[in-house]
Every structure is written in structure tokens, then in C-alpha cells.
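Coordinates in review
What follows is each chain in one-letter form.
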Amino acid sequence: MDAGDFDVVIVGGGVTGAAGALAAARLGLRVALLHNRPVLGGNASVEIGLTPRGETGPLVHELSKRHPDGDLMARQVLEAESNASLYTEHQVFRVITAERRVTAVDARDTRTGREYRFSAPLVIDCSGTAIVGLLAGARTLFGHESRAEYNEPTAPAEHLDQHHGHTLFFRTREHSEPVPFPDVPWAQAVAKDYANLGGQLVEPGVDNGTGPVAGRFRDPDPATRRRMLFPATHFWEYGQWLDPYTQGEKIRDHLLCAIYGTFANVKALEPDTYANLALDWVAFVAGQGEFRRYLGGYVLTENDIREHRRFPDTVAMNSGAFCLHYPIDDEYDFRLKDWKWDTRDGLPFEVPFRCLYSADLDNVMIAGKHISVTHIAGSVTKFMGNGAQHSIATAAAAALCLKYDLTPHQLCDNHIEEIRRIVGNLTDAVNQTAHNGRTNEKD
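Only a predicted model underlies this, so the values are computations on that prediction, with no experimental measurement involved.

Segmentation of the protein chain into domains returns domain 1 (2–145 + 289–327 + 339–428) and domain 2 (166–215 + 225–287). Across the contact, 22 residues belong to domain 1 and 24 residues belong to domain 2. Here domain 1 and domain 2 share an interface that buries about 1,800 Å² over both sides, 63% of which is from carbon and sulfur atoms. Its largest share of buried area at the contact with domain 2, domain 1 owes to Ile48, Phe291 and Trp339, together 34% of the area lost on that side. At the junction of domain 1 and domain 2, the tally comes to one salt bridge.

What follows is the structure in C-alpha cells.
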């Protein structure tokens, strides 16, 4: 079925895609936002519950405020924009191409099975999975680049077809009366004797919570690296060597076993202490890790970030630490073996526009964890707040592409300053609106 013609189609309704759609709509573009879940926010959604990190900014703050039930305000904000059309529970499964252009995106309504075609002169892929590029046959990057490929000091000696895995979040709660829990031998086969429920989601937007610990896990192994004693939510991670596209349910189910088995161990090892302990909430949607990344006009590297390389086509600033995960724990395959949180010098760094469009598709721009970066660089550009800065810049670029009838690549020649100016005007306008509407609200 024909869903209509738009100025831009944005695929993916995480924080990145929602920010891009909001920016595009406020620039007067008719935008269709396609998202395959019933709620917006991706890894920040109420289904998963992380908070956006990196370079957030006013648009992200506006979208990521939460209702009392933990759901983001993003839907309410976007539905207030007359230029934005929101299509949740729509899974992209095909793109229509003509030479080097994607002319339409086909998505299936996951409740009715009806298939819709969304046509637009420009597409922005914010899916995190590079789905548009993969369906169109664009080149992508995958895994850990070797040290020799980009001369990155932190990279491994050999290329690894490995990626950041997925994480499943959970929360426990003490009741006023004893709470039974069934035998789960199928889960304990994965959990083994593990009995540390640290790394909980305290509430949507607040992770890395402490949790009940039993048995020998009360006294940390002195051989454990000090930083791994922190109760980090993402230490529960699996699937780094599996295909994230085709084995997502296998990864999720393995993590469910890890959580249920660990919970059973805690209850069994100290039955009196934890008689009233219950599982308050366990996610059935995994926090997604790393997928393929686009090959763009430039590949941002670790050295570019560490050395604060200046680019003539910078359109976004990102911030944060290199967040590197090293699987798998020698004893428990659902835990990280090591983790590196490298804060560098703590200063923001530049992201060039050439990283935000496909090298093979003339009208496809990209934002979020799958932009044109190495694995090491992507460990910091992947943060949701950073991805939103990419998508705001691509929304500004989309307005100029339509205004001047240019491709994103052609904008690089003469219009970078104009992109920057539009981005600045957008965020300044949001700041002013927020200031004018603020009464006794805490900043």
C-alpha cells in the first residue's frame, strides 16, 4: 500500500531517530519516522531503560524526559509536530533503488501484516543496524579492525569478527512476606553457581544498581580486576561472537537463563536472608550492542578522537569515554572478562559530515552507532546522545539538499557552514523555548 510521499524518511525511532525527526519537522520537512517497536527510545525506551549518554543537548533532553511509568516523552513531543508522521511497529524489510539512490522504503505493520511503501528523495538511517544500507547493497564495516588497518594503538593485533554483545536488564525487590521461586535447572545450566545480582536497572533511566549477593560472591576474588567489581549493568552481556542480525533471540534467551539461574542461586544459597526476595521486572527486549557500520566518505578513528583532529566539514561534537568490552569471562559466558572506560582528556571531539553519509548511496545519510567509524572510535560515538547530534546535523543537511537539489556529498563543497548555522539555530530555539516555559521546574 502507498503510504505517501515525504521529504525525508527516517528509519529507527531510538533517541537518535527521534531527535532527527524532531529536527527535520521543525525545519519544515515532511518526515516519516519508521520504528519497529511499540515505544520510542531504543535502548533508552521503557522496554530497556538506559539513559542517553554522550553529548546530549536540548533536543535530547526534551525527548528523553519520562512519564511516571518510565516511558519517554518522545511520542508526545513528536505527535505535537504537524510535519512529523510516526509509524511505530513498522519493520523495514525492503528498499527500492534506482542507480545509487534509495527511492522508497517498504515496511510491514507487525500487527496487521500490511506492507506500506514510503517514498522520499532522502533517507536517514538511524536504525543502529545499518538496515537501509544492507538492503541496498552498500558497503559496511564489521568487527574489530586490526591495529594495522588504521594504526590505532588500542586495536587488537588481528582483525576480529567480534562485536559488543547484547544486555538484558532486570530488577529485584524485597517483599514483606516469603516469595517462592521454582526450580530452573534449564537456567542454572547457564548460570552455573553464579550468585551476584549486581548491575540492576534501578528504574528506567537509572542503571548500574547494586543487588543481592550470596555465597562466595560476597567476598570478591582478589584476582578480579578492581574496575570489574563495580555493579555495572552492561557486565551482563552475551553474543559477541554470534550474528546479531539472525541470532538475537538466542542471545536474549541465554541472558534470561543467566538472570533466572543467578536469582535461583541467590535464593538457594541463603534461603533465610533472601526468603522475601522476588524478581520485580525482567526485560524481554535486549539492550542492543553493535552491528555493522556504514562505509562513508571518511572513517573516523581512535587517533582522530584522541588528537582532536580538526575537520573542514565538522557538523557535530561528540563526547564521552572509549567504552571497550572484552568478552568472555573464563567461567561465566554471560559476563565480560574485562572492561575499559578510557576517558581520554574528557574533552568533546569533532565528527565530520563525511562520516554521516554512505559512500555508495547518493541520498542516504546515517546517524547513531553505525556511522562511518572504526570499532574503537565507535565505542564512544555510539552513545545515544552523540547519535542524536549526528541526526540533528543530517536533518539540517536534508533541508539544504532539498533547497539546493544537491546530494549530501555535494553539500560538503560549499554548505558546511550553513549546516552548522541551522543546527545552532535549532538548538538555540529549543533552549529559548525551554527557558520561556520554565517556572519552578528543576533544571
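What follows continues from the structure just given.
The subject of this paragraph is helix H10 (residues 384–404). Over its 21 residues, H10 runs 30 Å from end to end, which matches the ideal 30 Å to within 8%, given 1.5 Å per residue. Across the 21 residues that make up H10, a large majority, 18, are buried. Where H10 terminates, the next one or two residues include Asp405, which has phi positive at roughly 55°.

The strand order S4-S3-S2-S8-S17 describes an open sheet built from five strands, whose pairing is parallel. The sheet terminates laterally at strand S4 (84–87) and strand S17 (364–366), the two strands that pair on one side only. Taken pair by pair, the neighbouring strands of this sheet meet at an average axis angle of 20°, ignoring direction. As paired strands, strand S8 (residues 122–125) and S17 are joined by three bridges and run parallel to one another. Bridge assignment links Asp125 to a residue of S17, and that residue is Ile366. Along the sheet, H10 contacts S8 and S17; its crossing angle with S8, the most-contacted strand, is approximately 170°.

Looking now at the pattern of salt bridges. Tallying each qualifying case throughout the model produces 29 salt bridges. Glu331 is the partner of Arg216 in a salt bridge, and the nearest nitrogen-oxygen pair spans 3.6 Å. Placement of Arg216 in the loop between helix H6 (185–191) and helix H7 (248–269) and of Glu331 in the loop between strand S14 (322–326) and strand S15 (338–342) is noted, with a sequence separation of 115 residues between them.

It is worth spelling out the nonpolar core at this point. By size, the foremost hydrophobic cluster in this structure holds 101 residues, and its most contacted members are Val105, Phe118, Val132, Phe353 and Ile419. It is H10 that provides the largest number of residues to this core, a total of 11 residues. When residues of this core are assigned to domains, at least three fall in each of domain 1 (2–145 + 289–327 + 339–428) and domain 2 (166–215 + 225–287). Setting aside chain neighbours within four positions, we find Phe353 in contact with Asp313, Val315, Met365, Ala397, Pro408, Leu411, Cys412, Ile416 and Ile419. By size, the runner-up hydrophobic cluster in this structure holds 30 residues, among which are Ile251, Ile259, Ala264 and Val282.

Right, let's get into the packing of aromatic side chains. Scanning the model with the defined rule gives 18 aromatic pairs in all. Where Phe6 meets Phe118, the ring centres are 6.2 Å apart and the plane angle is 35°; that geometry is what we call tilted. Linking Phe6 in the loop between strand S1 (2–5) and strand S2 (8–11) with Phe118 in strand S7 (residues 115–119), this pair joins segments that are 112 residues apart in sequence. With a relative accessible area of 10%, Phe6 lands in the buried category. Looking at Phe118, the relative accessible area reads 0%, which means it is buried.

A few words on the pairing of S14. In terms of residue burial, S14 counts as a mostly covered element, since four of its five residues are buried. Pairing of S14 with S15, which is carried by five bridges, proceeds in the antiparallel orientation. Each residue of the ladder has a partner; that of Tyr326, found in S15, is Asp338.

Cut-offs used in this document
- Residues numbered from 1 in each chain as written.
- Predicted model: local features only at pLDDT ≥ 70, side-chain atom pairs only at ≥ 80, totals over all residues.
- Heavy atoms only, no water.
- Domains from an automatic or database assignment.
- Contact = heavy atoms within 4.5 Å.
- Buried area = accessible area lost by both parts, 1.4 Å probe.
- Salt bridge = Lys/Arg side-chain N within 4 Å of Asp/Glu carboxyl O.
- Helix = DSSP H or I, 4+ residues; strand = E, 2+ residues; numbered from the N terminus.
- Expected span 1.5 Å × (residues − 1).
- Buried < 20%, exposed > 50% of the residue type's maximum accessible area, 1.4 Å probe, protein only.
- Pairing = 2+ DSSP bridges.
- Axes fitted to C-alpha atoms, helices over the stretch in contact; angles between N-to-C directions.
- Core = buried A, V, L, I, M, F, W, Y, C linked by side-chain atoms within 4.5 Å.
- Phe/Tyr/Trp six-rings, centres within 6.5 Å; stacked < 30°, edge-to-face > 60°.

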